[in-house]
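# A look at the structure
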Amino acid sequence: MTAPYRPRPRAGRDGFAHLLHAEWTKFRTVRGWVITTVVAALVIVVLGLLAAAGSHASCSEGPVEVACPAVPVGPGGEAVEDQFYFAHRSLTGNGDITARLTSMTGIITYPPPDHDKIVPGLVPWAKAGVIVKDGTRQGSAYAAMMVTGSHGVRMQHNFTEDTAGRPGGVSAASPRWLRLTRSDDTLTGYESADGTRWTKVGTAHLAGLPATVQIGLFVASPGDLTVKQADLGGSIEQMRFTQATAVFDNVGLRGDAPGDAWGHDAVGVTGTTDWERYHRPNGVLESGGTFTVTGTGDLAPRMDGQTVERTLTGALTGLILVIVVAVMSVTGEYRRGMIRTTLLAGPRRGRMLAAKALVIGVVTFVAALAATTVTVTAGKGILRSNGNYILPVSSLTELRVVVGVAALFGVAAVLALALGAVFRRGVAAIVTAIVVIVVPSILATVSVLPESATRWLLRLTPAAGFAIQQSVPEYPQVTGHYVPQAGYYPLAPWAGLAVLCAYAALALTLAVVLLRRRDA
């Protein structure tokens, strides 16, 4: 007896593409899911733009509010601090400068109303040494060999680059010799304990360095940052004014312009700060070949200002709505008894759940991408119109923030969907997803936990993914309070997102295993 004829299904009918189409059709036909996804995107935009509109900044000259002065920008396009005292001469073509540093001291003064309280002290990143700079304009290219307050000898250039030499300080009994040599666009730094045996510290290539530059001695001393624990959680920061004084002798220059006299410039000094009003001025004293140079300020990336990610303050609220949609897209089928139909249509459980995850992830990513693009673009314009300064970043960094936050939403949606498949109950899955993704981020940024605890939270929980939005890096050579409350995360941006992806993959794998066992 021959078997009855059964038509063969069309090729691809039970394939993954068919499952994707089915899940997409299911998603777009459930009006509540679509509306909530749109609302989540709108929340990101509206809350972000409202926050930008409420942020205003201005500077004052006495009782008058004026626009803040322009912030100098370094050769790499980043905002920079470029303030120091500079004793310099012209150098045309190649040449070098050598100097012996025999003393380095400092003082720290308290801000008003205690501006008359002065204590001796040299801050860790106080700097004194020799420098080659493209003029005295703030933000211009430079390379410098220096001794620091607590970080030994360094070679730094163009504000962001730092190379360590030998550790230790300086004194009359233990002086430091420094040398900086120019060969076209290449600057090479050396150090020596006796002026005879020299050790190379580093090399800098300053593209486009002009034929004539300024070469000489410099001193800078950044503010002294103290951080105290607040009574009700969080921390209190205080920045105190500082000043450093360095003594140089055995100063030798080769290649300087004939007859060129020493110039003295307080680069970047405005004369308007309390330090400049009430304390001794920066300057240089020259006597018998010995130079005593006093300065304040820093040559470093600038860390104060608005960042592009500050426009995304509505992201957490929008993420909660996304979590609800992702969980309900799977638990709704259990509640209505539709899961059996879904499993009959796609008997390969893993592929079925993968199709669901891909659809919810892509839909969420696209919606979030549209929201972050609009919010960052419009938010920056609003912040600037309100007088705020936005720390500049490269186009690639801004693109990483916009696309990365959208990817965070997509991966978080997949994690929430997987939790929904594990719990099969909407409330339990939603609460769990919010607790592991949203709550750690809130706890880490509202200053209710010790800083060490917040760093661990953002290393070990899915909330590590929020690191993808950090646009300004942490610079070891810049004194700062690098904590999540200030927008600095313990993991690198892509490493933080990778932690979130790992959690999503683990949850999805567990969901597939349980789906095969419980719904066989």
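Note: the structure precedes this text.
Sequence positions are assigned chain by chain, starting from 1 and proceeding in written order. Note on the predicted model: pLDDT of at least 70 is required for a residue's local features to be given, and 80 or more for side-chain atom pairs to be given and counted; whole-chain, interface and lining totals, by contrast, use all residues. Note: side-chain values were computed over all heavy atoms of the structure, leaving out hydrogens and water.

### Section: helix H7 (residues 395-423)
Between its first and last C-alpha, H7 extends 42 Å over 29 residues, near the 42 Å set by a 1.5 Å rise per residue. Burial classes: relative accessible area under 20% of the type maximum marks a residue as buried, over 50% as exposed, and values in between as partly exposed (1.4 Å probe, protein chains only). Per the convention used, a helix needs a DSSP run of H or I reaching at least four residues, while a strand needs a run of E reaching at least two, with both numbered from the N terminus. Counting buried positions along H7 yields 23 of 29 residues, so the element is predominantly enclosed. After H7 finishes, the residue Arg424 shows a positive phi value of roughly 60°. To estimate the expected span of a helix, count its residues, drop one, and scale the result by 1.5 Å.

### Some remarks on the pattern of salt bridges
Where charged atoms from two side chains of opposite charge approach closely, those side chains can pair. Note on definitions: salt bridges are taken to be side-chain nitrogens of Lys or Arg within 4 Å of carboxyl oxygens of Asp or Glu. Applying the stated criterion to the full structure yields 14 salt bridges. With its nearest N and O atoms 2.9 Å apart, the salt bridge here joins Asp82 to Lys133. Taken together, the positions of Asp82 in strand E3 (residues 80-82) and Lys133 in strand E6 (residues 127-133) put the pair 51 residues apart, joining distant regions of the chain. Across this residue pair, the class does not change: Asp82 and Lys133 are buried. Residue Asp162 is joined to Arg154 by a salt bridge in which the shortest nitrogen-to-oxygen separation is 2.5 Å. Using a relative accessible area of 26% as the deciding quantity, one classes Asp162 as partly exposed. Overall, Arg154 belongs to the buried group, its relative accessible area being 14%. Via salt bridges that share partners, Glu23, Lys26 and Lys356 belong to a single interconnected network.

### Things to note about the environment of Leu178
With respect to the helices, strands and loops of the structure, Leu178 is situated in strand E10 (residues 176-183). On the accessibility criterion, Leu178 (1% relative accessible area) is buried.

### What to know about the packing of helix H1 (residues 16-29) against helix H2 (residues 31-53)
Note on geometry: axes are C-alpha line fits, over the in-contact stretch for helices, and angles between N-to-C directions span 0 to 180 degrees. Packing of H1 against H2 brings their axes to within 5 Å, and their N-to-C directions diverge by 80°. One finds that H1 runs roughly perpendicular with respect to H2. In this structure, H1 uses Lys26, Phe27, Arg28 and Thr29 to contact H2, whose residues at the interface are Arg31, Trp33, Val34 and Thr37. For classification purposes, angles smaller than 35 degrees are called roughly parallel, those larger than 145 roughly antiparallel, those between 65 and 115 roughly perpendicular, and all remaining angles oblique. By the convention used here, residues are in contact when the closest approach between their heavy atoms is within 4.5 Å.

### Structural notes on unusual backbone geometry
Backbone geometry at Phe159 places phi at a positive 75°, although glycine is not the residue there. Phi at Asn250 takes a positive value of approximately 50°, unusual for a residue other than glycine. On the secondary structure map, Asn250 appears in strand E15 (residues 235-256). You can call Asn250 partly exposed: its relative accessible area is 42%.

### So, the nonpolar core
The term nonpolar core refers to a set of buried residues drawn from Ala, Val, Leu, Ile, Met, Phe, Trp, Tyr and Cys, joined through side-chain atoms within 4.5 Å. Within the largest apolar cluster, 64 residues are counted, with the highest numbers of intra-cluster contacts made by Leu319, Ile323, Leu408, Phe409, Leu417 and Ile437. Elements with a minimum of two residues in this core: H2, helix H4 (315-336), helix H6 (349-385), H7, helix H8 (426-445) and helix H10 (493-518). The dominant element in this core, judged by the number of residues it contributes, is H7, at 17 residues. Other than its neighbours up to four places away in sequence, Leu408 contacts Leu319, Gly465, Phe466, Ile468, Leu497 and Leu500. Membership of the second largest hydrophobic core comes to 38 residues, among which are Ile97, Met104, Ala244 and Leu253.

### Notes on the pairing of E10
Pairing between strands is defined by DSSP: at least two bridges between the two strands are required. Of the pairings in the sheet, the one linking strand E4 (residues 84-109) to E10 comprises seven bridges and is antiparallel in character. Within E10, the residue paired with Arg100 across the bridge is Trp177. Of the strand pairs in this sheet, E10 and strand E11 (residues 186-192) are connected by seven bridges, and their pairing is antiparallel. Across the sheet, Trp177 pairs through a bridge with Ser192, a residue of E11. Counted between consecutive antiparallel strands, the loop separating E10 from E11 contains two residues, among which Asp184 sits at a positive phi close to 60°.

### Looking at the pairing of strand E8 (residues 153-157)
When a strand is regular, its side chains alternate between the sheet's two faces. Along E8, five of the five residues are buried, which leaves the element largely enclosed by surrounding structure. Neither face of E8 is exposed, since Val153, Met155 and His157 on one face and Arg154 and Gln156 on the opposite face are all buried. Relative to E8, strand E7 (residues 142-148) is paired through five bridges, and the arrangement is antiparallel. Considered in E8, the bridge of Met146 is made with Arg154. In textbook terms, the turn of a hairpin is the stretch between consecutive antiparallel strands, and for E7 and E8 this stretch comprises four residues, one of which, Gly152, has a positive phi near 70°. Here E8 runs beside strand E9 (residues 161-164); their pairing, made up of four bridges, is antiparallel. Note that in E9 the partner of Arg154 across the bridge is Ala164. Here E8 hands over to E9 after three residues, with Asn158 in that stretch at a positive phi of 50°.

### Some thoughts on a nonpolar patch on the surface
Patch membership requires over 30% relative accessible area and the absence of a salt bridge. Like charges are linked within 9 Å, and nonpolar side chains (Val, Leu, Ile, Met, Phe, Trp, Tyr) within 5 Å. Here, Shrake-Rupley sampling with a 1.4 Å probe gives the accessible areas, and only protein chains in the shown set may cover a residue. Residues Val38, Leu42, Val46, Leu47 and Leu50 make up a contiguous nonpolar surface patch of about 440 Å² in total accessible area. Tracing the chain through its elements places Leu42 in helix H2. Judged by its relative accessible area of 49%, Leu42 falls in the partly exposed class.

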